[in-house]
Amino acid sequence: MDNITSHPLMKDLPDETIVRYVVEFIRVMGCPYLMDERTVDIEIDDHRGALPCDFFEEVSVRGEHGEPFVTASGTFGEGDTPSYRIQGGVIHTSIPCGRVQLSYRAIEEDDDGYPLIPDDSIALRAMEAYVKKQWFTVLYDLGKINVSILLNAKQDYAWCAGQCHSHQHKVSVDKMEAIRRSLSTLHQRSNEHLRQFKGLSTPEAWRKH
């Protein structure tokens, strides 16, 4: 916030507006390392259950006994595998009632409700550029800055966002090895989803049947 408000054109920018823009940035970028993975039990009544208020996106859904659910491709009741879909803060399931366990990603917050952000210079620089671009768009609409200033802010954000996106998706040596092992498997078993893909990264010669 200090870096942002040190700019003459943003010195009067309210803290609440900065926080709102930062949350927008996290949602737009979908940064995995800016989020926390959580698990919650949801009561299902009449095929529906309320999602937690901090929900961003689902990771997986399991039933009361650990049975995996799949994303519904059409109308419920297609086959024996339980399914679900998420819409408007509600999870709709093929089961009429009961309980499901939802694993999901959420934006981390501190005790005061402010989003937690990593001590990462690349991510911070991209956030600042996004806030600047959004606020300069407002100033331009109000006729307080000329178009060249706005275009410069947009160009700066485009560069920073690209750098941040590349940085968050860089692959470590360990991940590269996992990918290599998964590619060495010649045939993916039809029951991998039921096994939660636990053996997918195991080379074909090592897999136990």
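Bear in mind that the values here come from a model prediction, so they are computed numbers and not experimental data.

Asker: If you had to explain the packing of aromatic side chains to someone new, which residues and values would you point to?
Answerer: Per the stated rule, a full pass over the model turns up three aromatic pairs. With a centroid separation of 5.9 Å and 35 degrees between ring planes, the pair formed by F55 and Y104 is classed as tilted. Of this pair, F55 sits in strand 3 (residues 55–63) while Y104 sits in strand 7 (residues 97–107); the two residues are 49 residues apart in sequence, bridging distant segments of the chain. For F55, a relative accessible area of 15% translates into the label buried. The buried category is assigned to Y104, whose relative accessible area is 5%. Put simply, the rings of F25, Y130 and Y157 touch in pairs and so form one group of aromatic residues. A cation over a ring is seen here: K133 above Y157, with NZ or CZ 5.3 Å from the ring centre.

Asker: Would you mind going over the pattern of salt bridges in detail, with residue names and values included?
Answerer: Across all of its chains, the model carries five salt bridges by this definition. With its nearest N and O atoms 2.7 Å apart, the salt bridge here joins E43 to R99. Highlighted residues: E43 in strand 1 (residues 35–45) and R99 in strand 7, separated in sequence by 56 residues. Here D156 ties to R125 by a salt bridge, and the two come within 2.8 Å at their closest N and O atoms. Here D156, found in helix 4 (residues 147–168), pairs with R125, found in helix 3 (residues 121–141); they are 31 residues apart in sequence, far enough to count as distant.

Asker: Go over helix 3, please, and point to the residues and values.
Answerer: In a regular helix each residue adds 1.5 Å, so 21 residues correspond to 30 Å; helix 3 covers 30 Å between its end C-alpha atoms and thus fits that length. G143 sits one or two residues past helix 3 and shows a positive phi near 75 degrees.

Conventions and cut-offs
All residue numbers here refer to positions counted from 1 along the written sequence of the relevant chain. The predicted nature of this model means local features are confined to residues of pLDDT at least 70 and side-chain atom pairs, given and counted, to a pLDDT of 80 or more, with totals for whole chains, interfaces and linings taken over all residues. Heavy atoms from the whole structure form the basis of all side-chain values; hydrogens and water molecules are not counted. For this analysis, a ring pair means two rings from Phe, Tyr or Trp (six-membered ring only for Trp) whose centres lie within 6.5 Å, classed as stacked if their planes differ by under 30 degrees, edge-to-face if by over 60, and tilted for the remaining angles. In DSSP terms, a helix is any run of H or I states spanning at least four residues, a strand is any run of E spanning at least two, and both are numbered starting from the N terminus. Any residue under 20% of the maximum accessible area for its type is buried, any over 50% is exposed, and the rest in between are partly exposed; the area is computed with a 1.4 Å probe on protein chains only. Criterion for a charge above a ring: Arg CZ or Lys NZ at most 6 Å from the ring centre, at most 35 degrees from the ring normal. We define a salt bridge as a side-chain nitrogen of Lys or Arg found within 4 Å of a carboxyl oxygen belonging to Asp or Glu. Here, expected helix span is obtained from the residue count minus one, scaled by 1.5 Å.

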